[in-house]
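# Topology and contacts: notes
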Amino acid sequence: MTDRYWIAVDMDGTLLNSRGQISERTCAVLQKCLDQGHHVLPATGRALPLLPEKIKNLSGISYAVLGNGSVVWDWKKTCALYTKCLPEGSAEQILKDVREMYRVHQEKAGKESRYYAEVISDGKVYADSLDREYFLTAEIEGNFAEYMLSNHAYVKRLEDQSEILKKAEKINIFFEDVLLSKKIREKWQKVKGIYTTTSVAGNAEFTAEGINKGRGLAILKERLAIPKEQIIAIGDNENDVEMFKEAGISVAMENAKDPVKQQADFVAADNDHDGAAEFLEKFLKL
């Protein structure tokens, strides 16, 4: 039916507010969309275990684009329709290069900062056990420690875990120093076989070249013969721009960076004021 839309929607900075929470209003609007025959498609850099429970509990979701497009997930059959890993050996290279660039940057900066890596591999999320010890005791603003302590498998010396890294679908690294994050992304953007982007301030995300949310959405378009004009894409950051290009209707959040807003057809209210829900209510006349 031409009046039923596929709603590809980002999580962090879009559905989730600045405290990393999703409101009851937003959940109710998404469920109403599903109940009326629209398709809600989580499209996120997160892996399945890290999706908010309120999203997992929605009734009627059919598919999801995960890990920035490295996995296209069949929600009902609980299996991957598509998976693309990083090139062989590249996950180890990225983690070791980041460690060395961090060391050099620290010496030049003359001030202390940290970074935290997570690796999505075979649908699970791994992090270094030393980081877990830090999160258990450190006082960190916001919900970041809670995020890192939830549904992560912690291992010793993550960069040496070859069995995990050879199946890596995505690497996500959070930097306290935003400048270092930018330098690392700029360096790896020039490396053949690797794609880099960012979704929140100070992070760097790595997937295989050609893999992004737009590609994941395109795979579903092709498999399910979804017309472009029936797709709504909603997001807030650089890793959402490719998704906008695959949609007939693109929506940036008010809290998005200006270059992201410039790529969108509409700008919704910010993520602390249920902007995505408000847009859907008005556009779909819910």
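For the structure given in this document, a descriptive report is provided here. Just so we're clear, the structure is a prediction, and the values are computed from it rather than from any experiment.

A few words on the environment of Phe144. With respect to the helices, strands and loops of the structure, Phe144 is situated in helix H5 (residues 144-149). Taking C-alpha positions, Phe144 is 18 Å from Gly67, a pair spaced 77 residues apart along the chain. Dropping the residues within four chain positions of it, Phe144 is found in contact with Tyr116, Phe135 and Phe174.

Looking now at the packing of aromatic side chains. Think of a pair of aromatic rings as described by two things: how far the centres are apart, and how the planes are tilted against each other in angle. Taken as a whole and assessed by the stated rule, the structure comprises 16 aromatic pairs. Judged by centre distance (4.9 Å) and plane angle (70°), the ring pair of Tyr102 and Tyr115 falls under edge-to-face. Pair noted here: Tyr102 is in helix H3 (residues 90-109) and Tyr115 is in strand S6 (residues 115-121), with a separation of 13 residues, a long-range link. An identical accessibility class is assigned to Tyr102 and Tyr115; each is buried.

For the rest of this paragraph, the subject is the side chain of Glu242. Along the polypeptide, Glu242 turns up in helix H9 (residues 241-245). This buried residue, Glu242, is left without a salt bridge; Lys245 holds the nearest opposite charge, at 6.0 Å. Engagement of the side chain of Glu242 in a polar contact is seen with the side chain of Tyr195, the distance being 2.3 Å. Other than its neighbours up to four places away in sequence, Glu242 contacts Tyr195, Asn212 and Gly214.

Applying the stated criterion to the full structure yields zero disulfides. No disulfide involves Cys27; its nearest neighbouring cysteine sulfur is the one of Cys33, lying 12 Å away. Judged by its relative accessible area of 9%, Cys27 is buried.

The rules behind each value
Residues numbered from 1 in each chain as written. Predicted model: local features only at pLDDT ≥ 70, side-chain atom pairs only at ≥ 80, totals over all residues. Heavy atoms only, no water. Helix = DSSP H or I, 4+ residues; strand = E, 2+ residues; numbered from the N terminus. Contact = heavy atoms within 4.5 Å. Phe/Tyr/Trp six-rings, centres within 6.5 Å; stacked < 30°, edge-to-face > 60°. Buried < 20%, exposed > 50% of the residue type's maximum accessible area, 1.4 Å probe, protein only. Lys, Arg positive; Asp, Glu negative; His and termini not counted. Salt bridge = Lys/Arg side-chain N within 4 Å of Asp/Glu carboxyl O. Polar contact = N/O pair within 3.5 Å; in protein donor to acceptor, adjacent residues only side chain to side chain. Disulfide = S-S within 2.5 Å.

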